[in-house]
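A structural walkthrough
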Amino acid sequence: MDGKREQWGSRIGFILAAAGSAVGLGNIWKFPYLVGENGGAAFIVLYLICVILVGLPVVIAEILIGRTVQKNPVGSFRELSKGNPFWIAVGGLGVFTGFLILSYYNVIAGWSLGYVIESIKGSFHKLENPEAAGQLFESLSSKPQWTLMFHGLFMIMTVIIIYAGVTKGIERASKIMMPALLGLIIVLVIRGIMLKGAGDGVRYLLKADFSAITGKTFMLALGQAFFSLSLGMGALLTYGSYMSKKENIVYSAVNIVALDTFIAILAGFMIFPAVFAMGLEPAQGPSLIFNILPIVFNSIPGGYVFRIIFFILLSMAALTSTISLLEVITTFVVDEFHLKRKTVAIVLGGFVFLLGIPSAMSFCGWENFTIFGRTCFNFVDFISANIFLPLGGIFIALFVGWFWGIRKALPHLQQGAASFSGFLALLWSILIRFVAPILILLIFLSGLGII
Ligand code: PFF
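Residues numbered from 1 in each chain as written. Predicted model: local features only at pLDDT ≥ 70, side-chain atom pairs only at ≥ 80, totals over all residues. Heavy atoms only, no water.

Thoughts on the overall build of the protein chain
Helices and strands together make up the secondary structure of the protein chain, namely 18 helices and 2 strands. Compactness check: the protein chain gives a C-alpha radius of gyration of 21 Å against a globular reference of 22 Å for 451 residues, within 12% of the reference. The dimensions of the protein chain, computed from C-alpha atoms along their principal axes, are 60 × 50 × 45 Å. Out of the 451 residues in the protein chain, the part that is buried amounts to 60%. The long-range fraction of contacts in the protein chain, counting pairs at least 24 apart against all pairs at least 6 apart in sequence, stands at 82%. Summing over all exposed atoms, the protein chain offers an accessible surface of approximately 17,100 Å²; the carbon and sulfur share of this is 69%. (Helix = DSSP H or I, 4+ residues; strand = E, 2+ residues; numbered from the N terminus. Rg over C-alpha atoms; globule rule 2.2 N^0.38 Å. Buried < 20%, exposed > 50% of the residue type's maximum accessible area, 1.4 Å probe, protein only. Contact = heavy atoms within 4.5 Å. Areas by Shrake-Rupley, 256 points an atom, 1.4 Å probe, with all protein chains shown as cover.)

Printed below as a string of structure tokens:
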């Protein structure tokens, strides 16, 4: 091992790093299109309910496990469960899921970086409609050299930060990138809502049509809350393991959840007013960002610069998430096998790059190679986000609520948060013991198509 475990240099450093993990492609790429496809504000309301009832209590539980034991997910579960193989396997599942998510997430992150370069080159200038932008996207993503080069470059950026360590790497990068990201989003929101016709987009986001809500919408909102908050695979547990016992977990958790939610909603206000102002359709699905947005900027004064800003913002959001994913697996190997962080970061980065190749190739040549009817990319996304994350989430809630037990866990939570007692503590224990596991079980079953 590299000696004593590092700790965050400051409370704000931890909050920004954890919020950086949470804020990512999920907020800027996925949340707006889910809102677009599922009834606008009504979806946002459901999302908020899920975040408060399930997200926040599980965020607290994950950070608490990590902070109490100060180890990686496997080591933490091993210690708290006194070596129970089942709970050790739950920690192992988290690390494995981190590996899987990073492998395909990094491919989309690579596209964002590639789009920064294309924007600078002016590739989107002459495109007139979403079809033309779609064709450009297809021609880029279907070139293995293009996709793999940016997949590799993004992995190298991620490795460099993890190589530099917790405070000098993750904390420093998050302290620079998170405020920059927030500033850039605000610039783009203001630019968007000043456009003629933007009011329709704003109304779309504020007007709740609850008739659009079905059981499936609820499940989508819950799944998104989970992915967006980086829950269920030990990312927040790992970041919590570098937290001092003097810090207030509840306060930090509230800030992380609030920042993540605020940025997702801001992303909606950044995208829809501009989309409506250009007379384009909101319900474009996953292609919203790569097919619609590049041309939206064509009709905006100063669009050349704003487009570059947008894709830089998307890449930074992705980078603060990829570092948290690589950190989970790096800490695991460093703690468990007593190896050097720097070497481990490089070797794992190389492995993840290789593991991501089939996902990247799903867009360039391997479209017809399927596993259970899905391309490699969709398969890895499906099993990690729809199966492993919810499973991990249920187990974390059950572990803290029942196995470790509220009575033992609470005093650890109260270290640094002495006032967290009485009604608040009771509320958290009800949410973590009953509400969270049951609701997550519902997402899980729906993800499998069982209900
Ligand atoms: N929360 C990230 C996003 O919304 O893009 C994705 C993610 C990052 C999931 C880290 C899980 C994780 F551990």
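Some thoughts on the packing of aromatic side chains
Following the criterion strictly, the structure yields 39 aromatic pairs and no others. A centroid spacing of 5.6 Å and a plane angle of 90° characterise the contact between Trp-111 and Phe-290, whose relative ring orientation is edge-to-face. Of this pair, Trp-111 sits in helix 5 (residues 85-121) while Phe-290 sits in helix 13 (residues 288-296), and the two are 179 residues apart along the sequence. Across the pair, exposure class does not vary: Trp-111 and Phe-290 are buried alike. Residues Phe-420 and Trp-428 carry aromatic rings whose centres are separated by 6.4 Å and whose planes lie at 70° to one another, so their mutual orientation is edge-to-face. For the pair Phe-420 and Trp-428, a shared accessibility class is recorded, and that class is buried. (Phe/Tyr/Trp six-rings, centres within 6.5 Å; stacked < 30°, edge-to-face > 60°.)

Some words on the packing of helix 5 against helix 7 (residues 144-164)
For any two helices packed against each other, one specifies the inter-axial angle together with the distance between the axes. Relative orientation of the contacting elements helix 5 and helix 7 amounts to 105°, with a least axis distance of 7 Å. Here helix 7 runs roughly perpendicular to helix 5, going by the angle between their axes. Residues Leu-102, Ser-103, Asn-106, Val-107, Ala-109, Gly-110, Trp-111, Leu-113, Gly-114, Tyr-115, Ile-117 and Glu-118 of helix 5 form the contact with helix 7, whose own contacting residues are Trp-146, Thr-147, Phe-150, His-151, Leu-153, Phe-154, Met-155, Met-157 and Thr-158. Across the contact of helix 5 with helix 7, the residue classes tally to 13 nonpolar, 7 polar and 1 charged. (Axes fitted to C-alpha atoms, helices over the stretch in contact; angles between N-to-C directions. Parallel < 35°, antiparallel > 145°, perpendicular 65-115°, else oblique. Nonpolar A, V, L, I, M, F, W, Y, C, P; charged D, E, K, R; others polar.)

A look at empty space enclosed by the protein
According to the stated counting rule, one finds 3 cavities of 30 Å³ or more in the structure shown. As a volume, the largest cavity reaches approximately 160 Å³. What lines the largest cavity is a set of 17 residues, among which Ser-21, Tyr-105, Phe-227, Ser-230 and Leu-325 lie closest to the centre. Here the element with the most residues in the lining of the largest cavity is helix 14 (residues 303-337); it accounts for 3 residues. (1 Å grid on protein atoms, 1.4 Å probe; cavity = no way out; pocket = protein on both sides within 12 Å on 5 of 7 lines; lining within 4 Å. Points joined across faces, edges and corners; volume = space filled by probe spheres on them.)

What about the site of the ligand?
Taken together, 15 residues lie around the ligand, and Ala-22, Gly-26, Tyr-105, Phe-227 and Met-233 are the ones closest in. Contact distances for the ligand include 3.0 Å between a nitrogen atom and a backbone N or O atom of Ala-22. Between Gly-26 and the ligand, the recorded distance is 2.7 Å, taken from a backbone N or O atom to an oxygen atom. In isolation the ligand offers 340 Å² of accessible surface; the protein chains occlude 100% of this area. (Near = heavy atom within 4 Å. Polar contact = N/O pair within 3.5 Å; in protein donor to acceptor, adjacent residues only side chain to side chain.)

Thoughts on the environment of Phe-403
Residue position: Phe-403 is located in helix 16 (residues 376-403). By relative accessible area, Phe-403 is classed as partly exposed at 40%. Between the C-alpha atom of Phe-403 and that of Gly-9, which follows or precedes it by 394 residues, the distance is 32 Å. The contact partners of Phe-403, leaving out residues within four places of it in the chain, are Ser-81, Asn-84, Trp-87 and Leu-398.

Re helix 15 (residues 341-361)
With 21 residues, helix 15 ought to run about 30 Å at 1.5 Å a step, and its terminal C-alpha atoms sit 30 Å apart, in line with that. Where helix 15 bends most, the angle comes to about 30°, and this point is Leu-355, followed within four residues by the proline Pro-358. What helix 15 keeps buried is the set Arg-341, Val-344, Ala-345, Leu-348, Gly-349, Val-352, Gly-356, Ser-359, Ala-360 and Met-361. In this fold, the buried residues of helix 15 make contact with helix 5, helix 7, helix 8 (166-193), helix 14 and helix 16. (Expected span 1.5 Å × (residues − 1). Bend = angle between axes of the 7 residues up to and from the residue.)

Describing the state of the cysteines
Following the criterion strictly, the structure yields 0 disulfides and no others. Between Cys-364, a cysteine without a disulfide, and Cys-376, which holds the nearest cysteine sulfur, the sulfur-to-sulfur distance is 11 Å. Among the residues examined, Cys-364 registers a relative accessible area of 5% and is labelled buried. (Disulfide = S-S within 2.5 Å.)

Focus: the packing of helix 1 (residues 11-22) against helix 12 (residues 249-277)
Helix 12 packs onto helix 1 with a crossing angle of 40° between their chain directions and a minimal axis gap of 9 Å. The angle between helix 1 and helix 12 falls in the class oblique. Once helix 1 is placed against helix 12, the crossing between them reads as right-handed. Contact residues: helix 1 offers Arg-11, Phe-14, Ile-15, Ala-18, Ala-19 and Ala-22, while helix 12 offers Tyr-251, Ser-252, Asn-255, Ile-256, Leu-259 and Asp-260. (Left-handed = near helix turned anticlockwise from the far one by under 90°.)

Describing the side chain of Glu-171
Along the chain, Glu-171 falls in helix 8. Overall, Glu-171 belongs to the buried group, its relative accessible area being 4%. Of the polar contacts made by the side chain of Glu-171, one reaches the backbone nitrogen of Gly-9; its length is 2.7 Å.

Read these as spatial facts, not as claims about activity.
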